[in-house]
Amino acid sequence: MKPDRNATVAEVYAHPLGRDIIDKILLQTGRSATWVRNPLVSRLRLRQLDKFLGRMFGPGFVDTLVDLLADCPESPPRLDGPIAATWWKRAVFYQIYPRSFADSNGDGIGDLPGILAKLPYLDDLGIDCLWLSPIFTSPNKDMGYDIADYRSVMAEMGTIDDLRRLIAACHERGMRIILDLVANHTSDEHPWFKDALADPEGAHGDYYFLRDGDPETPPNNWTSFFSGPAWRRIGEKWALHLFAPEQPDLNWDNPAVRREVADIVRFWLAEGVDGFRLDVINYISKRDGLPDGNATVGQVMGFTGVEHYFHGPHLHDHLAELRREAFTRTDVEPGHEAPGADARPIMIGETPGAGVEVARLLTSSQRDELDLIFSFDHLETPGHVRWDEYAYDLNFLKHYYIDYQSRLGSDDWMSLFFENHDNPRMISKVNPDPRFRDQLGKALATILLTMRGTPFIFQGQEIGAVNQDFPDESALRDVESLNLLAADGPGAWGKIMAGSRDHARVPMRWDRDEHWGFTRATPWIKAFDDSVGYSVAAQEHNPDSVLRYYRRLIWLRRSNPTLSLGSIRFIDADVKDYFAWFREHNGERWFIEVNLSGHPLRRRHRERNLEIVAGTAKDRSGPMEPYEALVCQVPRDGGE
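Residues numbered from 1 in each chain as written. Predicted model: local features only at pLDDT ≥ 70, side-chain atom pairs only at ≥ 80, totals over all residues. Heavy atoms only, no water.

Here Tyr400 shows up in helix H16 (residues 394–406). For the pair Tyr400 and Asp377, spaced 23 residues apart in sequence, the C-alpha to C-alpha distance is 8.5 Å. Beyond its immediate chain neighbours, meaning those up to four positions away, Tyr400 contacts Ser375, Asp377, His378 and Met414. (Helix = DSSP H or I, 4+ residues; strand = E, 2+ residues; numbered from the N terminus. Contact = heavy atoms within 4.5 Å.)

As structure tokens, then:
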């Protein structure tokens, strides 16, 4: 049913988007779901809560909520059956930030030939699929996430022939490769946008959100994710930009825009790529009329207007159409297809704000929209945002995974990640004490590579990368961080050090040479962590290194289908700092346990008959060491 003002709290909570919204409110207020499920609250109707919610979130909140729920389809039924073993469920992905991975020509900027030269390293690591952050032609106002030409390669990265060689080399090694597609917005240097400004009534005029109006007052009160209003005045028009002013949003309600995006996808699939990660793809559908955002919701969420596009009215229709019209292999030339018979291109969506139930809507095989999503609810503990200085409690991650996994059916799947190009390093968030760097890096690797789902490793994560000690503003390159400093002044430096995207974007550490073996020239961004032992060269031959541990776990995952396709059963969920689970498949059983804290922990389940196959302890006789992690096989006659 579609909830209206007469819907009860229980009915809203039974709705996928309603469940996600209420869960987020409960999480931020520190309340459990039992508060919503008790009879007194669950029977209340939205119209009865109108005044109360209006005082909390401002007038009109209930109507906004009802509109949001009306746009959302019902949840697919949870299936209980065999798991379809698609290639991407068995794979380990590796995200490359090309500007910072390997520079082949000595200009200080990473490039495609540099990646090609490092394929043996990635192959040895056990990677199944590479994901490249944007490589298309761009003025780089947001480091490639502002695309000026979707069919050409950025000059700094190389040529289209370099990309073709990289695709072919990946396939020759039995690896796949996916690209980053930014289709919520373009660069303001894209020919579509230039033509739209020159002729707003012409062919491209409705490709963007161009509006007339008072030159001093933007068309609505929406704010940008990169600080300030989400509108830029250009000549006689206002242009909507949810991100940088140079990144105007595309109007996906225009069928011509959707056809353009589908054609871009088909173009690159014909070149042999194996799919795409779609940047902020859940923002592509904006509410008709672009109404003002609720000011209180904007204050709580940090961005005014977000309720009108984080799950827009036509989101699911647009994604289903893109799947249907673009993600096919019918035009791939023989010899260019990816390895293996199951070659359907993968469609991964970055979906900020999506909760578990909306994730199921977006990725259920019953609906045929996306295959996987990246949501970010697990990256900050309740009450915190990326810019906050605090110690991340891994017990939150534990309960997040337990809850998420408990709601998945056999046709549901999740992506597993802690780091990417937009977030600081997880080791530094949890515990920056260098004494625990290796142990914590291995504990995080254990969770990532033995949990049910598809793991994504971000470059440098496998060698225990940490945040940088940037000395001042001159060391930064991230437009988001620089805009925050401009808006908040020197007092924002603590926020920058906690959450800058530049922490993840410094050059990959290959060896101890100048500039870490990344380049022969001055790198486009400098690293400021000079710790010894945290380069690929230093860890290659150290059997106790983080890198060697990643290799071991990836090999185990590849060799034992139970660790990728098996069911998952958690135990001792209420025991603080202890995280343990079984993986089971075709009669084979594995047991994984992790100490989530920086202090020793009493050993649990000593009586179990277990064979340690990988981990950071030789046996289970004594207490668990700080951040200890063990991966154990259960003998066939091992019982519980």
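Alright, that's what it looks like, and here's the rest.
With parallel pairing, eight strands are arranged side by side in an open sheet as S11-S10-S9-S5-S2-S1-S13-S12. The open sheet is flanked by strand S11 (372–374) and strand S12 (415–416), the only strands paired with a single partner. In terms of strand pairing, strand S1 (residues 93–96) meets strand S2 (residues 129–132) through four bridges, oriented parallel. Pairing of Tyr94 across the sheet is with Leu130, part of S2. (Pairing = 2+ DSSP bridges.)

Turning our attention to empty space enclosed by the protein. Tallying each qualifying case throughout the model produces five cavities of 30 Å³ or more. Roughly 120 Å³ of internal volume is contained in the largest cavity. What lines the largest cavity is a set of 16 residues, and nearest its centre among them are Arg425, Ala465, Val506, Pro507 and Arg509. Classifying every residue of the lining of the largest cavity gives eight nonpolar, four polar and four charged. (1 Å grid on protein atoms, 1.4 Å probe; cavity = no way out; pocket = protein on both sides within 12 Å on 5 of 7 lines; lining within 4 Å. Points joined across faces, edges and corners; volume = space filled by probe spheres on them. Nonpolar A, V, L, I, M, F, W, Y, C, P; charged D, E, K, R; others polar.)

Counting across every chain of the model gives 33 aromatic pairs. Relative to Phe101, the ring of Tyr94 lies with its centre 6.2 Å away and its plane at 70°, an arrangement referred to as edge-to-face. Pair check on accessibility: Tyr94 and Phe101 agree, each one buried. Three or more aromatic residues joined by ring pairs make a cluster, and in this case those are Trp87, Phe93, Trp131, Phe374, Phe376, Phe417 and Phe456. The cationic tip of Arg151 hangs over the ring face of Phe267; the distance from NZ or CZ to the ring centre is 5.6 Å. In this structure, Arg437 packs its charged tip against the face of Tyr534, placed 3.5 Å from the ring centre. (Phe/Tyr/Trp six-rings, centres within 6.5 Å; stacked < 30°, edge-to-face > 60°. Buried < 20%, exposed > 50% of the residue type's maximum accessible area, 1.4 Å probe, protein only. Lys NZ or Arg CZ within 6 Å of the ring centre and 35° of its normal.)

Moving on, we get to the domain arrangement of the chain. Domain annotation for the chain reports domain 1 (9–71), domain 2 (191–240) and domain 3 (564–634). Taking only C-alpha atoms, the centre of domain 1 and the centre of domain 2 are 34 Å apart. (Domains from an automatic or database assignment.)

The next thing to look at is the pattern of salt bridges. Summed over all chains, the structure comprises 51 salt bridges. Between Arg407 and Glu357 there is a salt bridge, with the nearest N and O atoms lying 2.9 Å from each other. On the criterion of sequence distance, the pair formed by Arg407 in the loop between H16 and S12 and Glu357 in helix H15 (residues 356–363) is long-range, its members being 50 residues apart. For the pair formed by Arg407 and Glu357, the shared burial category is buried. (Salt bridge = Lys/Arg side-chain N within 4 Å of Asp/Glu carboxyl O.)

By the bridge criterion, four bridges tie strand S7 (residues 231–234) to strand S8 (residues 237–240) in an arrangement that is antiparallel. Across the sheet, the residue bridging to Arg232 is Ala239, located in S8.

With that out of the way, let us pick up unusual backbone geometry. With a phi close to 50°, Met143 is a non-glycine residue in the positive phi region. The topology assignment puts Met143 in the loop between strand S3 (136–137) and strand S4 (149–153). Residue Met143 is classed as buried on the basis of its relative accessible area, which comes to 14%. The phi torsion at Tyr627 lies on the positive side, around 55°, for a residue other than glycine. Structurally, the position occupied by Tyr627 is in the loop between strand S17 (611–615) and strand S18 (629–634). Here Tyr627 falls in the buried class, since its relative accessible area comes to 4%.

Further remarks concern helix H5 (residues 46–57). Compared with the 16 Å implied by 1.5 Å per residue over 12 residues, the 14 Å span of H5 between its first and last C-alpha is markedly short. For H5, every residue scored as buried is listed here: Leu46, Leu49, Leu53, Gly54 and Phe57. Viewed end-on, H5 has its buried residues packed into an arc of 150°, placing them on one side of the element. Facing away from the buried surface of H5 by more than 90 degrees, the exposed residues are Lys51 and Arg55. (Expected span 1.5 Å × (residues − 1). Arc of directions from axis to C-beta.)

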